[in-house]
Amino acid sequence: MNYNTVLVVDDNPAILTAVKICLEGVFERIVTLSKPDAILATIQQEHIDVILLDMNFTLGVNSGQEGMIWQSAIHRKHPDIPIVLITAYADVQLAVRGLKSGAVDFITKPWDNDDLIRKLKDAIDKTQEVQSLDQLEKEHIKKVVDKCHGNLSKAAELLGITRQTLYNKLKVKG
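Worth saying up front: this structure is predicted, and the values here are computed from it rather than measured. (Residues numbered from 1 in each chain as written. Predicted model: local features only at pLDDT ≥ 70, side-chain atom pairs only at ≥ 80, totals over all residues. Heavy atoms only, no water.)

## A few points about the overall build of the chain
- Along the backbone of the chain there are 8 helices and 5 strands.
- Scanning the chain from its N terminus toward the C terminus, one meets helices and strands in the order β-α-β-α-β-α-β-α-β-α-α-α-α.
- On C-alpha atoms alone, the chain measures out to a radius of gyration of 22 Å, which is more than a quarter above the 16 Å that the 2.2 N^0.38 rule sets for 174 residues.
- Buried positions account for 39% of the 174 residues belonging to the chain.
- Total accessible area on the chain stands at roughly 10,300 Å², and carbon and sulfur atoms take up 52% of it. (Helix = DSSP H or I, 4+ residues; strand = E, 2+ residues; numbered from the N terminus. Rg over C-alpha atoms; globule rule 2.2 N^0.38 Å. Buried < 20%, exposed > 50% of the residue type's maximum accessible area, 1.4 Å probe, protein only. Areas by Shrake-Rupley, 256 points an atom, 1.4 Å probe, with all protein chains shown as cover.)

Here's what the structure looks like:
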């Protein structure tokens, strides 16, 4: 299966070239940016399936703060696009902070090509997960009960099931 479009944001042209070579044949399109300022405009113009985002863009600065700020800006406007963070400065605390603030994964430079490909594919697959029937039923029942303001008799009637069956479903799945 070919994956669609990955956006790679890194200030190092050699990294952009290496990632592009690594991902060719896996992604239909590989869009690269050397400056993060164009990220939001690029997302407006292109359908992006996953972003590989460097954490440091200013020479001599390796706190990862820039990457965190950009990740936050992307998530505010496009919460559905998964972000995988990448940095040369492996820092467990930084990775945890990135994951807690919404990144789906974290990779360090130098990376293993297979690992990078797997993490990007997994990031896309996670956003496209299929819900189970049980989960869909549970959400539907909750919406109907909420719509009926908690009136189980009315909700059961709307759902076309007995009040007892509704009660049992709420008890089991509640």
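## Thoughts on the pairing of strand 2 (residues 27–33)
- In terms of strand pairing, strand 1 (residues 3–9) meets strand 2 through 6 bridges, oriented parallel. Following the sheet pairing, valine 9 is matched in strand 2 by leucine 33. (Pairing = 2+ DSSP bridges.)

## Digging into the nonpolar core
- Core analysis: the largest hydrophobic core is formed by 22 residues, its most contacted members being Leu23, Phe27, Leu52, Leu116 and Leu120.
- Ile39, Phe57, Met68 and Ala95 belong to the second largest nonpolar core, which has 20 residues in total. (Core = buried A, V, L, I, M, F, W, Y, C linked by side-chain atoms within 4.5 Å.)

## Considering the environment of glutamine 44
- Counting through the fold element by element, glutamine 44 comes out in helix 2 (residues 39–45).
- Between the C-alpha atoms of glutamine 44 and lysine 77, which are 33 residues apart in sequence, the distance is 10.0 Å.

## A closer look at helix 3 (residues 65–77)
- An ideal rise of 1.5 Å per residue puts 18 Å on 13 residues; helix 3 measures up with 19 Å between its terminal C-alpha atoms.
- Turning to helix 3, its buried residues are Gly67, Met68, Gln71, Ala73, Ile74 and His75. (Expected span 1.5 Å × (residues − 1).)

## Quick word on the packing of helix 1 (residues 13–23) against helix 5 (residues 113–127)
- Where helix 1 contacts helix 5, the axes come no closer than 10 Å and their chain directions differ by 75 degrees. With respect to helix 5, the element helix 1 is oriented roughly perpendicular. On helix 5, the residues that touch Val19, Cys22 and Leu23 of helix 1 are Asn113, Leu116, Ile117 and Leu120. (Axes fitted to C-alpha atoms, helices over the stretch in contact; angles between N-to-C directions. Parallel < 35°, antiparallel > 145°, perpendicular 65-115°, else oblique. Contact = heavy atoms within 4.5 Å.)

None of the figures reported here should be taken as evidence of function without further support.
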